[in-house]
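Structural overview
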Amino acid sequence: MQDGGHRLTQPTLAVDAGQTETRAALYDEGRPRLARALGVGRIDAADGGADAVAGTLLRAVAGLGALPERPPAVGVGLSGIEAAREDELARLSDALRRELHAQRVAMASDGVTSLFGALEGAPGVVVSAGTGTVAVAHDGRRWAKVDGWGSLVGDAGSGFAIGRAGLDAALREHDGRGGSRSLLRAAERDYGPAEQLASRMHRTAAPTVAVAAFATAVAEQARAGDDVAMEIVRAAGRELAVSASAALHRVFEADDRVAVSYAGKVFRAGAALLESFERELAERCPHAVLVAPRGDSLAGAAVLARRAEQLDPEPGLVWLPG
């Protein structure tokens, strides 16, 4: 894994905190050590905030085993960082520095770390789609963020958006309003009788995550040839391309050749989504160059850790715009 063409020569600790899972890695000689912990939510959430996030991050790191005595920097990609208060970010940074004995903690949105990972720190655009969605563009100086507004008001093309559209199609079929029989069967397989589906979703502790989980079933039915599921997946691909192109146009000129890449579990939905994404992107940004991701957001958090030494010469908090 590289940082803008330079290999990581010092032990580097990276953490990727998404909405459903937290991953940690120690990059050193040879293959990185990896560990996971369930869930983190968002730092701006009402239930726990910085303290809950710090606990989950530290549990993931603990799974790595022995660490360097004093790592120079820790890179953290964090969902919801844009909406967090400065005191919450400072409290989280202080907790991580204290517990990990790190000289500094560099934190950024998971969109930024997805970009750093996919393009190995080089300029370009990345759209990241998991439970939520965000697109980030960076030309070496300027940054632009598109979407990432959360499931209530945004996250177009996300796992939540796909899952919700799939459940809507299932319940439409149940009601006789026109929907998808295969998606109805899949919903009842995963969640029980259709009559109880809505109440189950409202009662679950994390409804956004529960709805997003159905995206997997939608992708399965799309690959099996269900027309409704196929259109849901294609629509998500188009939405993700819209976000990527919007981020690109906010930073780059229209005729610039710009590397565009992607990250997140939604892009595992199959060829239909990626082909739809590619067609829409080509129409909106003819000079964009679509490239397969070279690394993920966890690798990008390691790049962020190395960048911290350049961004801030003093120990403390580094927060890149996201």
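Residues numbered from 1 in each chain as written. Predicted model: local features only at pLDDT ≥ 70, side-chain atom pairs only at ≥ 80, totals over all residues. Heavy atoms only, no water.

**Section: the overall build of the protein**
A tally of helices and strands in the protein yields eleven helices and 13 strands. Counting across all 322 residues of the protein, residues that qualify as buried make up 52%. Sequence separation of 24 or more characterises 69% of the internal contacts of the protein that already satisfy a separation of 6 or more. (Helix = DSSP H or I, 4+ residues; strand = E, 2+ residues; numbered from the N terminus. Buried < 20%, exposed > 50% of the residue type's maximum accessible area, 1.4 Å probe, protein only. Contact = heavy atoms within 4.5 Å.)

**A word on the layout of surface pockets**
Any empty space left between atoms is shown by rolling a water-sized probe over those atoms. The computed volume of the largest pocket comes to approximately 1,100 Å³. Along the walls of the largest pocket sit 44 residues, with Ala129, Gly130, Thr131, Gly264 and Lys265 positioned nearest its centre. Taken together, the elements giving at least two residues each to the lining of the largest pocket come down to β4 (21-27), α3 (110-118), β8 (124-129), β9 (133-138), α4 (159-175), α7 (207-213), α8 (215-223) and β11 (258-263). Tallying contributions element by element places α8 first for the lining of the largest pocket, with four residues. Its residues assigned to classes, the lining of the largest pocket shows 14 nonpolar, 17 polar and 13 charged. (1 Å grid on protein atoms, 1.4 Å probe; cavity = no way out; pocket = protein on both sides within 12 Å on 5 of 7 lines; lining within 4 Å. Points joined across faces, edges and corners; volume = space filled by probe spheres on them. Nonpolar A, V, L, I, M, F, W, Y, C, P; charged D, E, K, R; others polar.)

**As for α8**
Within the span of α8, buried status applies to Ala215, Ala217, Val218, Ala219, Gln221 and Ala222. Looking at the buried side of α8, the elements it contacts are α4, α5 (181-191), α7 and α9 (227-251).

**What to know about helix α10 (residues 271-284)**
Working note: α-helix, 3.6 residues per turn, so residues spaced by three or four point in the same direction. Its 14 residues place the ends of α10 20 Å apart at the C-alpha level, agreeing with the 20 Å of an ideal helix rising 1.5 Å per residue. For α10, every residue scored as buried is listed here: Ala272, Leu273, Ser276, Phe277, Glu280 and Leu281. Projected down its long axis, α10 shows its buried positions confined to an angular sector of 155°, all on one face. (Expected span 1.5 Å × (residues − 1). Arc of directions from axis to C-beta.)

**A closer look at the nonpolar core**
Core analysis: the biggest nonpolar cluster contains 51 residues, and Val125, Phe214, Leu273 and Phe277 have the highest contact counts within it. Considering each element in turn, this core owes the most residues, ten residues, to α9. Those residues in contact with phenylalanine 214 that sit more than four places away from it in its chain are Gly163, Gly166, Leu167, Leu183, Ala186, Ala187, Asp190 and Tyr191. Membership of the second largest hydrophobic core comes to 27 residues, among which are Ala35, Ala50, Val61 and Ala102. (Core = buried A, V, L, I, M, F, W, Y, C linked by side-chain atoms within 4.5 Å.)

**Describing the sheet that holds β9**
Through backbone hydrogen bonds, the strands of a sheet pair up, either in parallel or in antiparallel fashion. Strand order in the open sheet formed by five strands is β10-β9-β8-β11-β12, and the pairing between neighbours is mixed. Edge positions in the sheet fall to β10 (143-147) and β12 (288-290), since each has one partner strand and no second. Adjacent strand axes in the sheet meet at a mean angle of 20° when their direction is disregarded. Relative to β12, β11 is paired through three bridges, and the arrangement is parallel. Note that in β12 the partner of valine 258 across the bridge is alanine 288. (Pairing = 2+ DSSP bridges. Axes fitted to C-alpha atoms, helices over the stretch in contact; angles between N-to-C directions.)

**Describing the pairing of strand β7 (residues 105-109)**
Along a regular strand, successive side chains alternate from one face of the sheet to the other. Counting buried positions over the five residues of β7 gives five, a clear majority of the element. Bridge count between strand β6 (residues 74-78) and β7: five bridges; the pairing is parallel. Note on β7: the bridge partner recorded for valine 76 is methionine 107. The handedness of the β6 to β7 crossover, carried by helix α2 (residues 86-100), is right-handed. (Right-handed = clockwise from strand over helix to strand, strands pointing away.)

**With respect to unusual backbone geometry**
For glutamate 120, which is not glycine, the phi dihedral falls at a positive 55°. Considering the arrangement of structural elements, one finds glutamate 120 in the loop between α3 and β8. One non-glycine residue, aspartate 147, lies in positive phi territory at about 65°. Here aspartate 147 is to be found in strand β10.

**Examining the packing of α4 against α5**
The contact between α4 and α5 brings their axes to 8 Å, and the two run at 105°. Of the possible angle classes, the one that applies to α4 and α5 is roughly perpendicular. Facing Gly166, Leu167, Ala169, Ala170, Glu173 and His174 of α4, the residues of α5 in contact are Arg181, Leu183, Leu184, Ala187 and Tyr191. In the contact of α4 with α5, the residues fall into seven nonpolar, two polar and two charged. (Parallel < 35°, antiparallel > 145°, perpendicular 65-115°, else oblique.)

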